[in-house]
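# Observations on the three-dimensional arrangement
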Amino acid sequence: MSDLKTATWRLIKSAPAKGAWNMAVDEAILESAGAGLALPTLRLYAWEPACISLGYAQDFSEIDLEILRAKGWDIVRRTTGGRAILHTDELTYSVTAPETEPRLAGGILASYQRLSSAILTALETMELAVQAMPRELVEKGPQTQPVCFEIPSNYEITINGKKLVGSAQARKKGGVLQHGTLPLSGDLRRITEVLKFENQAARTRAGERLLGRASTVETALGRAVSWAQAAEAFETGFAATLNLKLEPGKLTDRELSRAEELAEIKYGKLDWTENR
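Here goes a summary of the coordinates provided. Here the structure is a predicted model, which is why all the values come from computation and not from measurement.

### Re the layout of surface pockets
The space that makes up the second largest pocket amounts to roughly 200 Å³. Lining the second largest pocket are 13 residues, and of these Asp 74, Ile 75, Gly 268, Leu 270 and Thr 273 lie nearest its centre. For the lining of the second largest pocket, the elements supplying multiple residues, two or more each, are α2 (65-71), β4 (74-77) and α8 (270-275). Considering each element in turn, the lining of the second largest pocket owes the most residues, three residues, to α2. Here the residues of the lining of the second largest pocket are counted per class, giving seven nonpolar, two polar and four charged.

What follows is the structure, given as structure tokens:
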């Protein structure tokens, strides 16, 4: 990425928050960055409580809401595409910038590849032997599967042939939002507990299939990595690979107000979550 001139981006490290708030903040920053009211932003965050996020077009009926509520898990619908993700024991990143930012130019695939390069560097800093391969070179899972981590997409990150980072991108309001998740630890099969299956045998098969196609950092390394360590690696990877000066910052008053509004009228509403 040596052809990229040095640029200053804002770095925000957010405290763990509910799903509706996390998605509202990402969209508020997208609007702000797209309008040129804020610097391009790398945001690193986590979720509390554990939360299922659905892709924009995913069918809500795939979720067993009664079991989800019994577990005390949250649920939200993303503004980006893809399939269901269980957000817990992970680092989540989001990149928001105007469409004119050179690192996000050239459409979804080109920008995806650039950002994947930065994530690759971050993970290599964590001593992970990762790859980002074009879709045709990775095993294609069935498109009907409800779980995001069963199906690597173009230039998503894999390790030993298993998906490690799941990402999705949206372009609107003059801006670009890409967010994604790096599972740090835990049993990836937990997500199947709140998905609907015809019987327990089908649920068990789905869980085993998921373990065969996805991994966590702890599983890949054989040791635990903290959120803070992963966040530091992402800072290093993005700064070095994309020729960035990352300037620690926080939400502007405008972004904070807009995030509060979006959490109340959109992401926190079951009508949005169930029906879009």
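Having seen the structure, we can now continue with the description.
### Concerning the nonpolar core
Nonpolar side chains tend toward joint burial in soluble globular proteins. Leu 42, Leu 123, Met 126, Leu 164, Leu 182, Phe 234 and Phe 238 are the most contacted members of the largest nonpolar core, which totals 37 residues. In this structure, Met 126 is in contact with Leu 182, Val 217, Leu 221, Arg 223, Val 225, Ala 230 and Ala 233, ignoring residues within four places of it in sequence. With 17 residues, the next largest nonpolar core counts Ile 52, Leu 65, Trp 73 and Leu 86 among its residues.

### Thoughts on helix α7 (residues 253-267)
Spanning 15 residues, α7 covers 20 Å between terminal C-alpha atoms, matching the ideal 21 Å at 1.5 Å per step. Restricting attention to buried positions, one finds in α7 the residues Glu 255, Ala 259, Leu 262, Ala 263, Lys 266 and Tyr 267. The secondary structure elements touched by the buried residues of α7 are β1 (7-13), α1 (19-34), β4, β9 (162-172) and α8.

Rules used throughout
- Residues numbered from 1 in each chain as written.
- Predicted model: local features only at pLDDT ≥ 70, side-chain atom pairs only at ≥ 80, totals over all residues.
- Heavy atoms only, no water.
- 1 Å grid on protein atoms, 1.4 Å probe; cavity = no way out; pocket = protein on both sides within 12 Å on 5 of 7 lines; lining within 4 Å.
- Points joined across faces, edges and corners; volume = space filled by probe spheres on them.
- Helix = DSSP H or I, 4+ residues; strand = E, 2+ residues; numbered from the N terminus.
- Nonpolar A, V, L, I, M, F, W, Y, C, P; charged D, E, K, R; others polar.
- Core = buried A, V, L, I, M, F, W, Y, C linked by side-chain atoms within 4.5 Å.
- Buried < 20%, exposed > 50% of the residue type's maximum accessible area, 1.4 Å probe, protein only.
- Contact = heavy atoms within 4.5 Å.
- Expected span 1.5 Å × (residues − 1).

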